[in-house]
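Given next are the chains, with one letter for each unit.
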Amino acid sequence: MAGSHLLDDALEAWAYTRNGVIAELENIPDSEFGFRPTSRSRTVTALAQHIAEFALMAAGELARPDGNFQRQDYAAFIREYAGTRAQIEGKRPLIALLETAKNETRARLQDAGEQLLLQPIMQFNGEPASRLTWLHHAIGHEEYHRGQIALYARLLGHTPALTQLIEGG
């Protein structure tokens, strides 16, 4: 191997995850985006909005040379990096936002470069970690919500998109 490709590999993993989220959302009819299993759960719409906001926030702070997840509260980070962009509804606009955010986050992190991503950042819990480690946390976070969307699909009587892919459907 001529050089390190840690950032490229992580961004490829995040794109794979995002494409999976989008596939799960594509699998749920627009008319069911208001579904939530309990009154304390997020709706399909709210999950898609949260995924977009979190990704924009994560990439923004990770790419910032003085990044520190303790410098303000979570809501302030969302306002700073996502603003009101994710406060949209409807399947098509949400999927378009997730595609746009995927491209923006990739570009922002590529511009920041691998050397910055190997530097430490203070996490929300007050513990330091490398930015690359935290990027993997962001990917895991998105996979968690992808699983929720797949579960919602099952509860709505649909076969999750990943299951369809595995079963060849």
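Residues numbered from 1 in each chain as written. Predicted model: local features only at pLDDT ≥ 70, side-chain atom pairs only at ≥ 80, totals over all residues. Heavy atoms only, no water.

Trainee: An account of the overall build of the chain is needed here, citing residue identities and associated values.
Mentor: A tally of helices and strands in the chain yields seven helices and two strands. Mapped from its N terminus to its C terminus, the chain presents α and β elements in the order α-α-α-α-α-β-β-α-α. Dimensions of the chain, computed from the C-alpha atoms along their principal axes, are close to 45 × 40 × 25 Å. By the burial criterion, 46% of the 169 residues in the chain qualify as buried. Long-range pairs, those at least 24 residues apart, make up 71% of the contacts in the chain with a sequence separation of at least 6. Charged side chains of the chain number 16 positive and 21 negative; the gap between the two group centres comes to 4 Å. (Helix = DSSP H or I, 4+ residues; strand = E, 2+ residues; numbered from the N terminus. Buried < 20%, exposed > 50% of the residue type's maximum accessible area, 1.4 Å probe, protein only. Contact = heavy atoms within 4.5 Å. Lys, Arg positive; Asp, Glu negative; His and termini not counted. Charge placed at Lys NZ, Arg CZ, Asp CG, Glu CD.)

Trainee: Help me get a handle on empty space enclosed by the protein, residues and values and all.
Mentor: A full pass over the atoms with the stated rule returns one cavity of 30 Å³ or more. Approximately 60 Å³ is the volume attributed to the largest cavity. Lining the largest cavity, in full, are Leu 11, Trp 14, Ala 15, Arg 18, Lys 102, Thr 105 and Arg 106. Secondary-structure elements contributing two or more residues to the lining of the largest cavity are α1 (6-26) and α4 (91-112). For the lining of the largest cavity, the element with the highest residue contribution is α1, accounting for four residues. Among the residues making up the lining of the largest cavity, the classes are represented as three nonpolar, one polar and three charged. (1 Å grid on protein atoms, 1.4 Å probe; cavity = no way out; pocket = protein on both sides within 12 Å on 5 of 7 lines; lining within 4 Å. Points joined across faces, edges and corners; volume = space filled by probe spheres on them. Nonpolar A, V, L, I, M, F, W, Y, C, P; charged D, E, K, R; others polar.)

Trainee: Requested: an account of helix α6 (residues 131-155), with residues and values cited.
Mentor: Over its 25 residues, α6 extends 36 Å from the first C-alpha to the last, a length consistent with the 36 Å expected when each residue adds 1.5 Å. Residue Gly 157 follows α6 closely and has a positive phi angle near 90°. (Expected span 1.5 Å × (residues − 1).)

Trainee: Got a sec to walk through the nonpolar core? Specific residues and values, please.
Mentor: Considering soluble globular proteins, one finds that nonpolar side chains tend to be buried as a cluster. Core analysis: the largest hydrophobic core is formed by 26 residues, its most contacted members being Trp 14, Met 57, Leu 62, Phe 69, Leu 109, Trp 134 and Leu 135. Only α1, α2 (44-63), α3 (74-81), α4 and α6 provide two or more residues apiece to this core. Per-element tally for this core: the top contributor is α2, with eight residues. Setting aside anything within four residues of it in sequence, one finds Trp 14 in contact with Ala 55, Thr 105, Leu 109, Leu 135, Ala 138, Ile 139 and Glu 142. Grouped together as the second largest cluster of nonpolar side chains are 18 residues, Ile 22, Ile 51, Ala 86 and Leu 98 included. (Core = buried A, V, L, I, M, F, W, Y, C linked by side-chain atoms within 4.5 Å.)

Trainee: Could you give an account of α4, naming the residues involved and the relevant values?
Mentor: Taking 1.5 Å per residue as the helical rise, α4 with its 22 residues ought to reach 32 Å, and the 31 Å between its terminal C-alpha atoms agrees with that figure. When we look at burial in α4, the residues that qualify are Lys 91, Leu 94, Ile 95, Leu 97, Leu 98, Ala 101, Lys 102, Thr 105 and Leu 109. Take α4 and look down its axis: the buried residues cluster within an arc of 150°, on one side only. Contact partners of the buried residues in α4: α1, α2, α5 (114-117) and α6. At the C-terminal side of α4, Gly 113 shows a positive phi close to 90°. (Arc of directions from axis to C-beta.)

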